[in-house]
Every structure is written in C-alpha cells, then in structure tokens.
Amino acid sequence: TQLLEQSPQFLSIQEGENLTVYCNSSSVFSSLQWYRQEPGEGPVLLVTVVTGGEVKKLKRLTFQFGDARKDSSLHITAAQPGDTGLYLCAGRLTTDSWGKFQFGAGTQVVVTP
Amino acid sequence: DTAVSQTPKYLVTQMGNDKSIKCEQNLGHDTMYWYKQDSKKFLKIMFSYNNKELIINETVPNRFSPKSPDKAHLNLHINSLELGDSAVYFCASSQADRGQFFGPGTRLTVL
C-alpha cells in the first residue's frame, strides 16, 4: 500500500500553460520533498518542506505543504519543454524511523512546444 | 564534481551470477541508501546506512547484501541473480531530513 498518492499519473500540456501535481496521504509527515527525474538519470531534489502551510518558490515552480502536513502540491506556471519529466514526492512519516522516506508513484509531465 | 556516483552504469549478466554495484558520495552526508526502481518507475527503499551502521533493512531477499566500509561508500552485492532482479538500482545520500541526492543509477539486466 502506497502511503503517498500522486495525481494525476500523467499530464500532457502545451508550452505556456500552467499545471498542478498533487501528493496526498492520510498520514502525517515530518518533511516532504519533491524530485524531478529525467530518462536515464536519477531523481533530482527540487525542494524540501517541513512546516505545515509552508510555501516555497523556485522560479516558476511553487510548492505548498498542507497545514496538517498530510499533503503537498507542485504548481508550475507557464510550463516549458524543459519542465518535462517524472515528478516524485517523498516524505518521512512522523512515526517512522529516522532516514526512511516514502515515495509516491510519480506524475509524468510532458510539455510540448 | 559528481556528488553521488555509482559504478557500473549498465550491468548485463546471466542468471545465477554474482555481481556488485559500488556507490560513493562526496557530500559529507551521514546517511546512504539503496533503492530499486521497477519498470513502472516506483522507487522502493532496500537499505539505509547511517555512519556505517545499518538502520533500514526492508523486505529484501538475503541474496542482497549491502556493505559500508566508511560513511562515504555503500556497496551492494547480489548473489545468484534472478530474472526478477532486473531493474534500475539507485544509490542516494542525505543529511537529516533535508532530502536525498541520488546517483545516476545502475541498470541491471539479468538474462
């Protein structure tokens, strides 16, 4: 059973459009991360959020951690082809041993010119 | 400078063979991990070491044996390889809960 549910599984949009990816759980996380993975490479860390309600911005990417620390979202404004990739959320449960991260199944994003 | 490196990048071998994958990180992190990514891209943790001590050992066949000679290195040895072991294996490192840094992956194909 996956503790982190990502939606949608697949997203295809045109360059310039906006998109949002969701990461939801019924469990509470002490921290949550977002990664982007491109074909043939390892996931690359984009952001870590630790405080409920926290909002972080990375250029055109906006990350939000839910108030109850059970969910998160990634919003991309004016998407570009370079944003194409597999977006993964991951987090550590408050009840888990230190160092163990749970991963979502990923959202494949395709941005066409 | 490569933060987390793995060797080899590709590994093609016959069923029943024994193989090793090596990982090194130069980030000064205390914790290192091995993950398996299946064909559906799901990342599943296998092992984690903190300062050379095993702290996470998920339900993994005992044909898989990790070894950490020091906190910058974490190797994975696999005995008696099976077809189902074919996957991409990622090494990663982290410091506290700040997120993980992944290596480029080792694509293992068992024939």
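See the structure shown above.
Throughout what follows, the structure given in this document is the object of discussion. (Residues numbered from 1 in each chain as written. Chains lettered and ligands numbered in written order. Predicted model: local features only at pLDDT ≥ 70, side-chain atom pairs only at ≥ 80, totals over all residues. Heavy atoms only, no water.)

1. A short note on the overall build of chain A
Secondary structure assignment for chain A yields 0 helices and 11 strands. In chain A, the succession of helices and strands from N to C terminus is β-β-β-β-β-β-β-β-β-β-β. Taken over C-alpha atoms, the radius of gyration comes to 14 Å for chain A, in line with the 13 Å a tight globule of 113 residues would show. Considering only C-alpha atoms, chain A reaches an extent of 45 × 30 × 20 Å along its principal axes. The contacts in chain A between residues at least 6 apart in sequence include a share of 56% that link residues at least 24 apart. Entry remark: accessible area of chain A is about 5200 Å², with carbon and sulfur atoms responsible for 49%. Averaged over its 9 positive side-chain charges, chain A has a centre that lies 8 Å from the centre of its 10 negative ones. (Helix = DSSP H or I, 4+ residues; strand = E, 2+ residues; numbered from the N terminus. Rg over C-alpha atoms; globule rule 2.2 N^0.38 Å. Contact = heavy atoms within 4.5 Å. Areas by Shrake-Rupley, 256 points an atom, 1.4 Å probe, with all protein chains shown as cover. Lys, Arg positive; Asp, Glu negative; His and termini not counted. Charge placed at Lys NZ, Arg CZ, Asp CG, Glu CD.)

2. A few points about the pairing of strand β5 (residues 44-49) of chain A
All names here are of chain A. Sheet analysis places strand β4 (residues 29-37) next to β5, joined by 5 bridges and oriented antiparallel. Of the residues in β5, the one forming a bridge with Arg-36 is Val-44. Here β4 hands over to β5 after 6 residues, with Gly-40 in that stretch at a positive phi of 80 degrees. (Pairing = 2+ DSSP bridges.)

3. Observations concerning the state of the cysteines
Overall, the coordinates contain 2 disulfides over all chains when judged by the stated rule. Residue pairing for Cys-23 of chain A: its cysteine sulfur links by disulfide to Cys-89 of chain A, the two sulfurs lying 2.0 Å apart. Between Cys-23 of chain A and Cys-89 of chain A, the S-S dihedral sits near 75 degrees, and the bridge is therefore right-handed. You can see Cys-23 of chain A sitting in strand β3 (residues 19-24) and its partner Cys-89 of chain A sitting in strand β9 (residues 85-93), a full 66 residues away along the chain. Each member of the pair Cys-23 of chain A and Cys-89 of chain A is classed as buried. The partner cysteine of Cys-23 of chain B in its disulfide is Cys-91 of chain B, sulfur to sulfur 1.8 Å. One quick way to see it: the torsion about the S-S bond of Cys-23 of chain B and Cys-91 of chain B is about -75 degrees, and its sign makes the bridge left-handed. With Cys-23 of chain B in strand β3 (residues 19-25) and Cys-91 of chain B in strand β9 (residues 87-94), this pair connects stretches of sequence that are 68 residues apart. (Disulfide = S-S within 2.5 Å. Buried < 20%, exposed > 50% of the residue type's maximum accessible area, 1.4 Å probe, protein only.)

4. What to know about the interface of chain A and chain B
Between chain A and chain B, the residue contacts involve 23 residues of the former and 24 residues of the latter. Summing both sides of the interface, chain A and chain B together bury roughly 1800 Å²; the carbon and sulfur share of this comes to 57%. In this assembly, chain A and chain B are joined by 1 salt bridge. For Lys-100 of chain A, the salt bridge goes to Glu-58 of chain B, with nearest N and O atoms at 3.2 Å. Seen at the junction of chain A and chain B, the total is 4 residue pairs in polar contact (both at pLDDT 80 or more). Elements supplying a minimum of two residues to the side of chain A that touches chain B: β4, β5 and β9 of chain A. A total of 5 residues in the side of chain A that touches chain B trace back to one element, the largest contributor, which is β4 of chain A. Partitioning the side of chain A that touches chain B into residue classes produces 9 nonpolar, 11 polar and 3 charged. (Buried area = accessible area lost by both parts, 1.4 Å probe. Salt bridge = Lys/Arg side-chain N within 4 Å of Asp/Glu carboxyl O. Polar contact = N/O pair within 3.5 Å; in protein donor to acceptor, adjacent residues only side chain to side chain. Nonpolar A, V, L, I, M, F, W, Y, C, P; charged D, E, K, R; others polar.)

5. Description of the packing of aromatic side chains
One pass over the structure, following the stated rule, counts 9 aromatic pairs over all chains. Aromatic ring contacts, followed pair by pair, group Tyr-35, Phe-101 and Phe-103 of chain A together with Tyr-33, Tyr-35, Phe-90 and Phe-102 of chain B into a single cluster. (Phe/Tyr/Trp six-rings, centres within 6.5 Å; stacked < 30°, edge-to-face > 60°.)

6. Let's talk about the pattern of salt bridges
All names here are of chain B. One pass over the full model with this rule turns up 6 salt bridges over all chains. For Lys-71, the salt bridge identified is with Asp-30, shortest N-O distance 2.8 Å. Taken as a pair, Lys-71 in the loop between β7 (64-70) and β8 (73-78) and Asp-30 in the loop between β3 and β4 (31-37) lie far apart in primary sequence, 41 residues in all. Residue classification places Lys-71 among the partly exposed residues on the basis of a relative accessible area of 34%. Given the relative accessible area of 19%, Asp-30 is considered buried. For the salt bridge of Arg-63 with Glu-82, the shortest nitrogen-to-oxygen distance reads 3.4 Å. Taken as a pair, Arg-63 in the loop between β6 (53-57) and β7 and Glu-82 in the loop between β8 and β9 lie far apart in primary sequence, 19 residues in all. According to the relative accessible area criterion, Glu-82 is partly exposed, its value standing at 40%. One continuous salt-bridge network, built from bridges that share partners, spans Arg-63, Glu-82 and Asp-85.

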